[in-house]
Amino acid sequence: MNPDIASGSMDHQLTLTGIVERAERFHAGQAVISRRPSGAVSRTTFGACASRARRLAAALRSLGVGVGDRVATLMWNQSEHLELYFAVPAMGAVIHTLNPRLFPDELGFIVNDAGDTVIVVDESLLEVFESFRATRDFAHIIVVNHSGEAAGTLDYETLLAHAEPVEWSALDERQPAAMCYTSGTTGRPKGVVYSHRALVLHSLVSALPDQLAVSARDTVLPVVPMFHANAWGLPYAAALAGARLVLPGPRLDPESVLDLCANEHVTMTAGVPTVWMGMLAALDAEPDRWKLPELDRLIVGGAAVPQSMFEGFDRHGLTVVQAWGMTETAPLGAVCRLPEHLDTGGQDERYGYRTRQGVASPFVEIRARDDNGETIAWDDAAMGELEVRGPWVTGSYHGGRGAENFTDDGWFRTGDVVRIDPHGCIRICDRSKDLVKSGGEWISSVDLENQLMSHPSVAQAAVIAVPDDRWGERPLAVVVLRDNATASPEELRDHLAEEFAKWQLPDRVEFVAALPCSATGKFKKSELRTMFATA
Ligand code: ADP
């Protein structure tokens, strides 16, 4: 530092409170629309949600929630969830969104690993809650009711009705604000904890025109769940920009989503390819049923977007934009926006570009390294594992687990194998992590293999991802039976069902005499994929 000069800029903290207060003060009248599990639509505003967040914070405080305490949520995309998104971080606590699709055993592990003290459950998810409730002694269980009061738990609305609104206190931007779990290749899910600063910067950059482009003129429908990497940050970006927010609840079938898009004049929506696959089929079947003149863009990510999806939506005059990200990157990492010079390019060239994962978002740095640890050239030919760093990229997991995912010089290893073109546009070619991504949710092939190999008749098992039109990928098990042993696919699936949810079970079980092995004794999954992917 040169002592002759010092920065005169204020050291102003970048906290989510700034976004909540902005929504309350400047976007108070902007609509927040929720579709309930019953299908009914309820309407409120950012102003109402922000002022209810003040009461909610008071109520949580009176229940003993203090700075750094974890408040779990088991909820859909709904206005009460937004209130928790506002209240919990602004009071200095940490919102921990739970994925109700996980297996009870995983949920039980996660709430204990996070150390959740209070949990807020939507009434429609009480059955899921009951499935893991016994694993943790929550200090308080709060239920968002739509029908009447549930016995033995605190009622969300009653709590709010009896609370006086709080004034937000000053926070440090490096304080934790939110957390979310990500499935690992092996072992248990790992917690990613986001700071206020990370989420504020993520919101600002997401809203940029060439990123997700969120403005006060938009009506944003996050199909991606609020328990999945903060619905890709869209609730905060919408609150910051003052965009209308449409929260679809649990009904994500194509017709329900299309009805919402048409009825609420949605301009932008976001989710994983599986959802849009269904929407496209519905639009193709009844092209005149839904009028969507305002729908400007569909942000699709979480898994690769096939060219047929771009083409299909183009036929309906709807633009798909691909984005790449991870729970560990909060999640925005890259967006694929067609560069200007391709406006006049041929159609193949344009689709060729749009099917790539895109260019790193501002402040996200990328590099890729090959098996020898050498940084690859950006020549669109060399392949390496993508590594990232940046202000909203996680630098460690909760509890210090998963250290192998970080390099010695401070980069996060994504497990995605990529080529990078001379302009920095990424193309994912493969995955080094052993996972199957089905309908946007991970299935651990390693965990399935371990359970299969615990069956007395199974000598060896390998699980691979095979392409699937509807789900993107589905697990397929390749099994070597012990000498003289027998087992049917049904028997092995029943055995797996003891530990896994139904949607995680392999659709196909193939029996082989031996599994191809590499020199280091690992199953050669690439070979298995060639053998079975299209069979
Ligand atoms: P998310 O919550 O966004 O699904 P996850 O952390 O569960 O994030 O998964 C991140 C992984 O999903 C990435 O490492 C990559 O393998 C895959 N992925 C995300 N976006 C894309 C994309 N556009 N194309 C291909 N794969 C993607």
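Residues numbered from 1 in each chain as written. Predicted model: local features only at pLDDT ≥ 70, side-chain atom pairs only at ≥ 80, totals over all residues. Heavy atoms only, no water.

1. Thoughts on the domain arrangement of the protein
Put simply, the rule is: Bear in mind that the domain bounds are from an automatic or database domain assignment. Residue contacts follow a heavy-atom distance rule, with two residues in contact if any of their heavy atoms lie within 4.5 Å. Here's the idea: put two parts together, see how much 1.4 Å probe accessible area each one loses, and the total over both is what we call buried area. The working definition used for a salt bridge is a side-chain nitrogen of Lys or Arg within 4 Å of a carboxyl oxygen of Asp or Glu. N or O atoms within 3.5 Å of each other form a polar contact, as long as, within protein, one can give a hydrogen and the other can take it, and as long as residues adjacent in sequence are counted only when both atoms are side-chain atoms. Under the scheme applied here, ten amino acids are nonpolar (Ala, Val, Leu, Ile, Met, Phe, Trp, Tyr, Cys and Pro), four are charged (Asp, Glu, Lys and Arg), and all others, including Gly, are polar.
Domain assignment breaks the protein into domain 1 (16-251) and domain 2 (436-532). One C-alpha centre belongs to domain 1, the other to domain 2, and the line joining them spans 36 Å. Taken residue by residue, the interface counts eleven residues in domain 1 and 13 residues in domain 2. Overall, the association of domain 1 and domain 2 removes approximately 820 Å² of surface from exposure, summing both partners, and the carbon and sulfur fraction of that is 45%. Measuring nitrogen to oxygen at the nearest pair gives 2.7 Å for the salt bridge that ties Glu441 to Arg101. For the pair domain 1 and domain 2, the number of links is three residue pairs in polar contact (both at pLDDT 80 or more). Classifying every residue of the side of domain 1 that touches domain 2 gives two nonpolar, seven polar and two charged.

2. Structural notes on the packing of helix H1 (residues 16-26) against helix H9 (residues 234-241)
Spelled out, the test is: Axes, fitted as lines to C-alpha atoms, cover a helix only where it is in contact. Angles between the N-to-C directions of the axes lie from 0 to 180 degrees. Only DSSP runs of H or I reaching four residues or more are called helices, and only runs of E reaching two or more are called strands; each is numbered from the N terminus. Here is the rule for angles: anything less than 35 degrees is roughly parallel, anything more than 145 is roughly antiparallel, 65 through 115 is roughly perpendicular, and the remaining ranges are oblique. Rotating anticlockwise by less than a right angle from the far helix to the near helix defines a left-handed crossing, while the corresponding clockwise rotation defines a right-handed one.
It is at 8 Å that the axes of H1 and H9 come closest, and there the two elements cross at 55°. Between H1 and H9, the interaxial angle falls into the category oblique. The chirality of how H1 crosses H9 is left-handed. On the side of H1, the interface is formed by Leu16, Ile19, Arg22 and Ala23, while H9 contributes Tyr236, Ala239 and Leu240. Looking at the contact of H1 with H9 residue by residue, the class counts come to six nonpolar, no polar and one charged.

3. Considering empty space enclosed by the protein
Empty space among the atoms can be located by rolling a probe the size of a water molecule over them. To be explicit about the condition: Put plainly, a pocket is an open set of points on a 1 Å grid over the protein atoms alone with protein on both sides within 12 Å along at least five of seven lines, a cavity is a set where a 1.4 Å probe fits but cannot get out, and a lining residue has an atom within 4 Å of a point. Grid points are joined across faces, edges and corners, and a volume is the space filled by probe spheres set on the points.
Here the structure, examined in full by the defined rule, presents one cavity of 30 Å³ or more. Across the lining of the largest cavity, the residue classes break down as five nonpolar, two polar and one charged.

4. Thoughts on the packing of aromatic side chains
Put simply, the rule is: Each aromatic pair joins two rings of Phe, Tyr and Trp (for Trp, the six-membered one) with centres within 6.5 Å, and gets the label stacked for planes under 30 degrees apart, edge-to-face for over 60, and tilted for any other angle. The rule is simple: take the accessible area with a 1.4 Å probe, protein chains only, and divide by the maximum for that residue type; under 20% is buried, over 50% is exposed, in between is partly exposed. Only lysine NZ and arginine CZ atoms are considered, and such an atom sits over a ring when it is within 6 Å of the ring centre and within 35 degrees of the ring normal.
Applying the stated criterion to the full structure yields six aromatic pairs. Look at Phe129 and Phe132: their rings are 5.5 Å apart centre to centre, the planes differ by 90°, and that puts the pair in the edge-to-face class. Of this pair, Phe129 and Phe132 both sit in helix H5 (residues 126-132), separated by three residues, roughly a single helical turn. A single burial state applies to Phe129 and to Phe132, both of which are buried. Judged by centre distance (5.9 Å) and plane angle (50°), the rings of Phe129 and Phe138 are tilted. What makes Phe129 buried here is its relative accessible area of 0%. Counting every residue linked through ring pairs, the aromatic cluster contains Phe129, Phe132 and Phe138. Residue placement shows Lys190 over the ring face of Tyr397; its charged tip is 5.2 Å from the ring centre.

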